[in-house]
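# An overview of the molecular structure
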Amino acid sequence: MHDKTLTELAAALAAGEFSSRELTEFLLARIDRLDGELNSFITVTADAALEAADRADQTRATGQAGPLTGLPLALKDIFCTRGVRTSCGSRMLDNFVSPYDATVVEKLAAAGSVSLGKTNMDEFAMGSSNENSFYGPVKNPWDLAAVPGGSSGGSAAAVAAGLVPAALGTDTGGSIRQPAAFCGITGLKPTYGRVSRYGMVAYASSLDQGGPMARTAEDCALLLGAIAGHDLRDSTSVARGVPDYREELETSLSGLKIGLPREYFGDGLAPEVEAAVRDAIKVYESLGAEVREVSLPHTELAIPAYYVIAPAEASSNLSRYDGVRFGHRCENPTDLVDLYKRSRAEGFGEEVKRRILIGTHTLSEGFFDAYYKKAQQVRRLIRQDFLDAFEDVDVLMGPASPTPAFDLGAKKDPVSMYLQDIYTIAINLAGIPGISVPAGFVQERPVGLQILGPHFAESRLLNVAHRFQQATDWHRRQPAFGKENA
Amino acid sequence: MQWEAVIGLEVHVQLATQSKIFSGASTAFGAEPNTQACAVDLGLPGVLPVLNEGAVAMAVKFGLGINAEIPETSVFDRKNYFYPDLPKGYQTSQMYQPIVGPGEVEITLDDGTTKRIRVHHAHLEEDAGKSLHEDFHGMTGIDLNRAGTPLLEIVSEPDLRSAREAAAYLKAIHAIVTYLGISDGNMAEGSMRCDVNVSVRPKGQETLGTRAEIKNVNSFRFVEKAIAHEIERQVELIEDGGTVVQETRLYDPEADETRSMRTKEEANDYRYFPCPDLLPVVLDQAYVDHLRATLPELPAEKRARFQDELGLSAYDASVLASSRAMAEYFEAVKDVCGDAKLAANWVQVELAGRLNKEGLDIADSPVTAEQLGGLVARVKDETINGKAAKQVFAALWDGEGESADAIIEARGLKQVTDTGAIEAMIDQVIADSPVQVAQYREAAPEKRGKMIGYFVGQVMKASRGTANPQQVNALLKDKLDNA
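What comes next is a walk through the structure. For clarity, every value in this text was computed on a predicted model and none was experimentally measured. Per chain, the residues get numbers from 1 upward, laid out in the order the sequence is written. By the order in which they are written, chains take letters starting at A while ligands take numbers starting at 1. With pLDDT at 70 or above as the cut-off, local features in this predicted model cover only qualifying residues; side-chain atom pairs require 80 or more to be listed or tallied, and sums for whole chains, interfaces and linings still use all residues. Only hydrogens and water are removed before side-chain values are computed, so all heavy atoms of the structure are retained for them.

## So, the overall build of chain B
Where we set the bar: Helix numbering and strand numbering both begin at the N terminus, where a helix is a DSSP run of H or I of at least 4 residues and a strand a DSSP run of E of at least 2. C-alpha atoms define the radius of gyration, and 2.2 Å times the number of residues to the power 0.38 defines the globule rule. Note on definitions: a residue-residue contact is assigned when non-hydrogen atoms from the two residues lie within 4.5 Å. For the accessible areas, the method is Shrake-Rupley and the probe is 1.4 Å, while residue cover comes only from the protein chains on display. We score Asp and Glu as negative and Lys and Arg as positive, and we do not count His or the chain ends. The atoms used to mark charge sites are NZ of Lys, CZ of Arg, CG of Asp and CD of Glu.
Counting secondary structure elements, chain B contains 16 helices and 15 strands. Scaling as 2.2 N^0.38, a compact globule of 483 residues should have a C-alpha radius of gyration of about 23 Å, whereas chain B reaches 30 Å, well beyond that. In terms of principal-axis extent, the alpha carbons of chain B reach across some 95 × 55 × 50 Å. Within chain B, contacts between residues separated by at least 24 positions form 68% of all contacts whose residues are at least 6 apart in sequence. On chain B, roughly 22300 Å² of surface is accessible, and the fraction owed to carbon and sulfur atoms is 49%. If you average the places of the 49 positive and of the 74 negative side-chain charges in chain B, the two averages end up 4 Å apart.

Pasting the structure below:
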């Protein structure tokens with residue numbers, strides 16, 4: 001049961017092979033047994049999950065079941081959930097129980113899905129290894145010595161380990177795609193504005209986007225259809241119809257024009273990863289696609305631009321954590337300044353403080369033009385690179401990450417960690433969608449193929465990913481971890 | 001040395017929207033603390049702002065009302081600073097691309113002349129909450145009901161030259177926003193607040209002196225007093241050999257003085273940047289034109305029309321146009337009675353005097369404009385004389401009759417213009433006053449003018465005030481002089 005896709009589970013529920021309650025109990029037991037080691041969940045909401053499963057079974061009994069009814073999911077602990085702690089991986093919000101549901105949480109609940117709980121993450125979504133969590137690092141189920149990637153590391157590891165068939169993540173600079181690649185699952189970052197950010201704790205507002213993480217592109221299509229759409233509570237969500245993302249999954253790839261950005265195959269890319277990605281491209285050629293090299297000339301500016309814009313927005317977004325209304329407050333403050341200083345010093349971890357400092361600096365008087373304004377200009381150039389490339393090709397492909405999952409504790413220097421996101425970060429700056437699909441292994445650690453498309457081309461991306469998964473079985477591989485307990 | 005003050009005002013006007021600028025919570029004043037603050041106002045993790053279209057429309061109306069440029073695009077920025085009653089740690093405001101561009105406001109000076117004050121721009125922003133220091137025993141309470149209330153900050157150019165001008169400017173802004181119905185203009189509840197920039201320089205000097213900013217001056221009277229005080233402080237300081245430092249000062253109305261709050265060195269770096277949660281506001285021409293079509297006649301236009309078309313004096317026109325309620329009342333009186341000057345006179349003297357005495361606003365006047373118009377009409381057509389008119393007004397005020405006509409009828413105040421009846425009364429008075437008649441007739445003609453008053457008084461008394469005084473005068477003169 002644990003290795004089935006969301007789509008297979010939906011069919012099994014519909015066929016009455018088992019109930020949502022049975023499925024939920026099975027997975028909760030699995031979480032109970034395995035997650036002590038994996039640490040992929042921060043909060044497991046067993047009681048609420050069983051209640052939701054019972055409701056789903058009743059709904060099914062009355063013939064009202066929809067495509068998601070009774071399907072178990074997990075939510076990255078960045079999505080606000082009413083009555084449930086929403087920690088964002090931070091000590092600052094360890095005591096924060098949200099009084100409201102995020103829009104996507106509402107939508108998933110309304111669709112009858114069953115949330116098993118809240119998954120671990122890098123604090124405030126800042127990190128690429130899930131080592132920056134107040135709740136401790138998450139292990140990669142493929143190799144417990146390896147990181148699962150970040151910041152949606154808990155969601156990726158939980159799906160990979162078969163604790164839950166799908167989860168929501170968020171992606172500000174690669175936080176869905178890179179952990180999906182490291183854990184051998186499929187993860188989609190939608191177009192900016194496609195999925196409401198209301199109730200998603202903000203890291204960098206102009207880059208943050210929620211999206212599905214699952215075993216297959218087909219499952220991602222199912223989930224995206226449930227969470228996408230215009231939200232009156234999020235002014236940056238786009239008023240544009242939501243198609244059935246499953247409709248075009250089977251479309252032929254004959255004549256598909258694939259661009260390989262030269263800059264994504266240069267220095268720093270592990271040769272074994274490159275080999276796996278090139279093998280995947282061959283699969284596409286065999287499916288009738290045409291491949292050509294393209295250039296995204298401003299690629300090298302993406303990381304510097306990102307590390308100006310994202311921290312700038314973060315420094316402002318995280319100002320609300322001041323110990324006054326909610327969240328961590330220091331003991332016995334002597335005055336207001338002491339309250340601010342100690343609450344924030346105690347509540348935030350190192351990486352969060354680093355980015356707040358960077359962001360505060362880049363926005364300060366005398367530096368704003370040189371950093372923030374310049375970075376915004378660079379951002380426009382990067383976006384234009386993609387728009388130009390999509391004049392000639394339908395999709396772009398390359399590695400999701402320069403290396404497979406690295407060892408826990410391996411990257412002590414923040415800059416080397418930042419360079420992990422070299423292939424993912426520009427996509428957020430441009431606002432386009434991207435998907436990572438399993439495409440092989442390097443020493444038992446998964447490799448992800450990243451596929452990029454123009455704004456709102458999610459249907460095409462899912463189609464391109466799905467056809468690949470029909471031709472390969474990388475996404476079907478299971479880690480040894482947890483297998484014997486199936 | 002002759003000194004000249006250079007003054008600029010930043011007026012914060014609370015817009016009269018039902019809900020807040022970025023959330024659906026109510027903006028009603030006076031509710032229990034924190035009962036009108038929703039998740040967005042509290043700055044909870046994950047919440048996002050949604051711009052209230054009503055606030056945009058009100059800001060644009062103001063811009064149109066001061067003939068300002070309305071830029072096609074305006075952008076919200078974040079002004080970052082920590083304060084306990086600022087829930088998000090930043091205020092959403094408009095720093096670089098405000099919704100209202102340069103415009104101008106006409107003010108009326110004491111001598112009845114007008115002066116144009118340039119407005120640099122006006123921008124939309126959200127209000128903060130309130131910190132409550134009483135009743136918390138060394139702690140501070142936070143009330144976030146006001147957090148997120150829409151404000152329009154109107155920034156003038158430094159065109160004002162005296163405390164009086166500043167007060168006149170503030171009144172003009174007050175009149176415009178209340179005319180437009182975009183603010184209740186209630187200063188006591190903080191619907192209009194004002195920061196003042198003041199500097200002084202020797203008269204004739206071009207360069208500006210160093211300015212001080214006085215924060216939170218919240219009434220017409222305090223604005224005038226605070227500025228007068230600040231000018232005096234700066235002049236004394238300079239004349240004593242000191243220099244003005246750039247700083248923020250707070251006006252204390254009880255001590256009638258300003259005190260230093262923080263100097264330039266202590267000023268915050270607000271780290272403004274465009275708010276990524278809000279899209280730029282793009283106004284198409286049709287929308288602006290639609291709002292323009294809804295604009296009422298504004299004070300300056302009214303003033304001009306009162307002068308040019310109704311023939312009122314500059315002073316009368318300016319007083320009557322000073323508030324929408326006053327202007328509308330006056331115009332209703334004028335429409336009923338058909339005489340603008342008489343109507344102006346009655347509204348400004350009799351009505352305004354009584355309202356003032358009773359401490360009432362014109363909106364609360366017990367005499368309606370229709371009633372007063374009916375009364376003035378009877379004065380105009382000489383149905384009653386001035387004296388009777390005052391009686392009728394008093395009766396209307398006290399609710400002793402539905403209309404002037406009813407009161408005139410009930411009390412028999414109708415003016416007697418029947419020459420025969422008046423002559424009869426005159427003959428009686430002459431017959432009853434032989435001594436006075438003899439004195440009159442012996443007096444030199446130039447002294448008789450004063451002496452005739454006695455006879456007029458007697459005749460009026462006999463008529464219970466209803467005789468037409470002009471007629472009485474003429475007939476008396478004729479009978480006394482030509483007997």
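## As for the overall build of chain A
So the rule is basically this: Note on exposure labels: buried denotes an accessible area under 20% of the residue type's maximum, exposed denotes more than 50%, and partly exposed covers the range between, all computed with a 1.4 Å probe on protein chains only.
Counting secondary structure elements, chain A contains 15 helices and 11 strands. Here the C-alpha atoms of chain A give a radius of gyration of 21 Å, agreeing with the 23 Å that 2.2 N^0.38 yields for 486 residues. Considered along the principal axes of its C-alpha atoms, chain A spans approximately 65 × 50 × 45 Å. Counting over 486 residues, chain A shows a buried share of 63%. Across chain A, contacts joining residues at least 24 apart in sequence account for 76% of those joining residues at least 6 apart. Accessible surface, chain A as shown: approximately 16400 Å² in total, 50% of it carbon and sulfur.

## A word on helix 3 (residues 46–61) of chain A
All names here are of chain A. Basically, it comes down to this: To estimate how far a helix should extend, the number of its residues minus one is multiplied by 1.5 Å. This arc is built from the directions going out from the helix axis to the C-beta atoms.
Between its terminal C-alpha atoms helix 3 stretches 22 Å, which fits the 22 Å expected from 16 residues at 1.5 Å a residue. Along helix 3, the positions that sit buried rather than exposed are Ala 49, Leu 50, Ala 52, Ala 53 and Ala 56. Viewed along the axis of helix 3, the buried residues span an arc of 165°, placing them on a single side of the element. Of the exposed residues in helix 3, the ones pointing more than 90 degrees away from its buried face are Asp 47, Arg 55, Gln 58 and Ala 61. Turning to helix 3, the residues buried within the fold contact helix 2 (20–38) and strand 3 (114–119). Trailing helix 3 by a residue or two, Gly 63 shows a phi angle of about 75°, which is positive.

## Some remarks on the sheet that holds strand 5 (residues 186–189) of chain A
All names here are of chain A. As a reminder, the rule being used: Here, any two strands with at least 2 DSSP bridges between them count as paired. In this analysis, axes come from line fits to C-alpha atoms, helices being fitted only over the stretch in contact, and the angle between any two N-to-C directions falls in the range 0 to 180 degrees.
Pairing in this open sheet of 11 strands is mixed, and the strands run 1-3-2-4-6-5-10-11-9-7-8 from one edge to the other. The sheet terminates laterally at strand 1 (41–44) and strand 8 (290–294), the two strands that pair on one side only. Strand-to-strand twist across the sheet, computed as the mean angle between neighbouring axes with direction ignored, equals 30°. Here strand 7 (residues 257–261) pairs with strand 8 via five bridges, running parallel. When the bridges of strand 8 are listed, Lys 257 appears paired with Glu 290. Packed onto the sheet, helix 8 (residues 271–286) meets strand 7, strand 8, strand 9 (395–399), strand 10 (434–442) and strand 11 (445–452) and runs at close to 50° relative to strand 11.

## So, the pairing of strand 5 (residues 103–108) of chain B
All names here are of chain B. Taken together, the six bridges between strand 5 and strand 6 (residues 114–126) define a ladder with antiparallel strand orientation. If you follow Thr 108 over to strand 6, its bridge partner there is Thr 114. What sits between the antiparallel neighbours strand 5 and strand 6 is a turn of five residues, in which Gly 112 has the positive phi angle 90°.

## Looking at the side chain of Ser 401 of chain A
Residue and element names in this part refer to chain A. To keep things clear, this is the line we draw: In protein, a polar contact requires one atom able to donate a hydrogen and another able to accept it; more generally it is a pair of N or O atoms within 3.5 Å, and residues adjacent in sequence count only if both atoms are side-chain atoms.
As for its placement among the helices and strands, Ser 401 is situated in the loop between strand 9 and helix 13 (414–418). At a separation of 3.0 Å, a polar atom in the side chain of Ser 401 contacts the main-chain carbonyl oxygen of Thr 403. Looking at Ser 401, its side chain comes within polar contact range of the side chain of Gln 420, at 3.1 Å.

## Side note on the pairing of strand 3 of chain A
Residue and element names in this part refer to chain A. Within strand 3, five of the six residues are buried, which leaves the element mostly enclosed by the surrounding structure. When strand 1 meets strand 3, the two strands line up antiparallel, connected through three bridges. If you follow Thr 43 over to strand 3, its bridge partner there is Lys 118. The pairing of strand 2 (residues 72–76) with strand 3 spans four bridges and is classified as parallel. For Leu 75, the partnering residue across the bridge sits in strand 3 and is Lys 118.

## Re the pattern of salt bridges
Put simply, the rule reads: By convention in these notes, a salt bridge is any Lys or Arg side-chain nitrogen within 4 Å of a carboxyl oxygen on Asp or Glu.
Tallied over the full model, the rule gives 64 salt bridges over all chains. In this structure, Arg 355 of chain A engages Glu 351 of chain A in a salt bridge whose closest nitrogen and oxygen atoms are separated by 2.7 Å. Here the residue Arg 355 of chain A and the residue Glu 351 of chain A both occupy positions in helix 11 (residues 350–363), the gap between them amounting to four residues, near one helical turn. The class for Glu 351 of chain A is buried, based on a relative accessible area of 9%. Shared partners join several salt bridges into a network, and the residues in it are Glu 297, Lys 302, Arg 305, Glu 331, Lys 334 and Asp 335 of chain B.

## Considering the packing of aromatic side chains
So the rule is basically this: Any two of the Phe, Tyr and Trp rings considered here, Trp counted by its six-membered ring, make a pair once their centres fall within 6.5 Å; the pair's planes then place it as stacked at under 30 degrees, edge-to-face at over 60, or tilted in between. We call a charge positioned above a ring when the Lys NZ or Arg CZ atom is no farther than 6 Å from the ring centre and deviates by at most 35 degrees from the ring normal.
Inspection of every chain in the model, using the stated rule, returns 29 aromatic pairs over all chains. Look at Tyr 81 of chain B and Tyr 270 of chain B: their rings are 5.5 Å apart centre to centre, the planes differ by 70°, and that puts the pair in the edge-to-face class. You can see Tyr 81 of chain B sitting in the loop between strand 3 (77–80) and strand 4 (90–93) and its partner Tyr 270 of chain B sitting in the loop between strand 13 (257–263) and strand 14 (273–274), a full 189 residues away along the chain. An aromatic cluster of three or more residues is present, and its members are Phe 368 and Tyr 372 of chain A together with Tyr 81, Tyr 96, Tyr 270, Tyr 272 and Phe 273 of chain B. In this structure, Arg 278 of chain A is placed above the aromatic ring of Phe 265 of chain A, and the distance from its NZ or CZ to the ring centre is 4.4 Å. We note Lys 79 of chain B situated over the ring of Tyr 270 of chain B; from NZ or CZ to the ring centre the distance is 4.4 Å.

## A word on unusual backbone geometry
In this structure, Ser 151 of chain A follows Gly 150 of chain A across a cis peptide bond, with omega equal to 5°. Take Ser 151 of chain A: it is sitting in the loop between strand 3 and helix 5 (153–160). Positive phi is not limited to glycine here, since Glu 382 of chain B has a value of about 65°. Structurally, the position occupied by Glu 382 of chain B is in the loop between helix 10 (369–380) and helix 11 (386–397). One non-glycine residue, Arg 464 of chain B, lies in positive phi territory at about 55°.

## Description of the sheet that holds strand 14 of chain B
Pairing in this open sheet of three strands is antiparallel, and the strands run 4-3-14 (chain B) from one edge to the other. Sheet topology places strand 4 and strand 14 of chain B at the edges, where each strand pairs with a single neighbour. Two strands pair when backbone bridges link them, and strand 3 of chain B and strand 4 of chain B are joined in this way by four bridges, in the antiparallel orientation. Within strand 4 of chain B, the residue paired with Asn 80 of chain B across the bridge is Tyr 90 of chain B. Helix 9 (residues 302–317) of chain A rests against strand 3, strand 4 and strand 14 of chain B of the sheet, and its axis sits at about 60° to strand 3 of chain B.

## Concerning the interface of chain A and chain B
Note the threshold: Put simply, buried area is the surface a 1.4 Å probe can reach on two separate parts but cannot reach once they are joined, added for both.
Each side of the interface is counted separately: chain A has 39 residues, and chain B has 31 residues. Across the interface of chain A and chain B, roughly 2800 Å² is buried in total on both sides, 60% from carbon and sulfur atoms. Of all residues in chain A, the largest losses of buried area upon contact with chain B belong to Ser 235, Arg 320 and Arg 325 of chain A, amounting jointly to 21% of the total for that side. Here chain A is connected to chain B by one salt bridge. A salt bridge links Asp 277 of chain B to Arg 197 of chain A; its shortest N-O distance comes to 3.0 Å. Applying the counting criterion to the chain A and chain B interface returns 17 residue pairs in polar contact (both at pLDDT 80 or more). For the side of chain A that touches chain B, the secondary-structure elements that each account for two or more residues are helix 9, helix 10 (336–347) and helix 11 of chain A.

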